[in-house]
Amino acid sequence: MTDPYDAGASAGLPPVDAVDGPARIAELRGAVDRLDQRIVELLAVRTRVVRELTVHKSDEAAVRSPDRVRQVLDRVRELADRHGMPPEVAVATYRALIEELTRMQLEMLAARRAAPAPTDRR
C-alpha cells in the first residue's frame, strides 16, 4: 500500500497537507460524505442482487447458507487487510449487513410461501 488516499482521488479527496486545521477537517468530512454516497449506492446494488438471489432460494437453509457467509467474511477480512483497513471493522460491518439482508430474505421467502399458488387458467 503506497498512498493512504489511493481511492481518495476519485472521491475528491484533497491532497495530503493541502490545508491544515479546521479547513482540513471540513475537506476530509466532505470526502467522507462523498465516499458514503458511493458506498450506499454500491450497497443498494448489492441488495438488489441479493433480492434476485432470494427468488431462486426455496428454503431457510438456502437463505442462511453458513458456508457462504464464512466465505464472504473470510474474503472481506482478506480485502480489508490488503487495503489497510482494520479487518475487524470490515468483518463487523459485513456481519451486520449479512444479518439484515438475511432477515430481508427470510421475510421475502415467508411472503412467497404465504402467497396463494397461481391457478392454471387455460
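For the structure itself, consult the block above.
About the cut-offs
Residues numbered from 1 in each chain as written. Predicted model: local features only at pLDDT ≥ 70, side-chain atom pairs only at ≥ 80, totals over all residues. Heavy atoms only, no water. Axes fitted to C-alpha atoms, helices over the stretch in contact; angles between N-to-C directions. Helix = DSSP H or I, 4+ residues; strand = E, 2+ residues; numbered from the N terminus. Left-handed = near helix turned anticlockwise from the far one by under 90°. Contact = heavy atoms within 4.5 Å. Nonpolar A, V, L, I, M, F, W, Y, C, P; charged D, E, K, R; others polar. Expected span 1.5 Å × (residues − 1). Buried < 20%, exposed > 50% of the residue type's maximum accessible area, 1.4 Å probe, protein only. Arc of directions from axis to C-beta. Core = buried A, V, L, I, M, F, W, Y, C linked by side-chain atoms within 4.5 Å.

**Focus on the packing of helix H3 (residues 66-82) against helix H4 (residues 87-114)**
So, step 1. At a minimum axis separation of 8 Å, H3 and H4 run at an interaxial angle of 145°. Here H3 and H4 pass one another in a crossing that is right-handed. When H3 is examined against H4, the residues Val69, Val72, Leu73, Val76, Arg77, Ala80 and Asp81 are found in contact with a partner set consisting of Pro87, Ala90, Val91, Tyr94, Arg95 and Ile98.
So, step 2. Looking at the contact of H3 with H4, its residues break down into ten nonpolar, no polar and three charged.

**What to know about helix H1 (residues 21-55)**
So, step 1. Between its first and last C-alpha, H1 extends 51 Å over 35 residues, near the 51 Å set by a 1.5 Å rise per residue.
So, step 2. Within H1, burial applies to Arg24, Gly30, Ala31, Thr47, Val50 and Thr54.
So, step 3. On its buried side, H1 packs onto H4.

**Focus: H3**
Along an α-helix, a turn takes 3.6 residues, which lines up residues three or four apart on a common side.
So, step 1. The first and last C-alpha atoms of H3 sit 24 Å apart over 17 residues, in line with the 24 Å expected at 1.5 Å per residue.
So, step 2. Every buried residue of H3 is listed here: Val72, Leu73, Val76 and Ala80. Seen end-on, H3 carries its buried residues on one side only, within an arc spanning 95°. Every exposed residue of H3 that faces more than 90 degrees away from the buried side is listed here: Asp67, Arg75, Asp81 and Arg82.
So, step 3. Looking at the buried residues of H3, the elements they touch are H1 and H4.
So, step 4. Downstream of H3 by a residue or two, Gly84 has a phi angle that is positive, lying close to 80°.

**Looking at the nonpolar core**
So, step 1. One finds Val72, Leu73, Val76, Ala80, Ala90, Val91 and Ile98 forming the largest nonpolar core, which totals seven residues.
So, step 2. Mapped onto this core, the elements with two or more residues apiece are H3 and H4.
So, step 3. Counting residues per element, this core draws most heavily on H3, at four residues.
So, step 4. Discounting chain neighbours no more than four positions away, the residues touching Ala90 are Val76, Ala80 and Met85.

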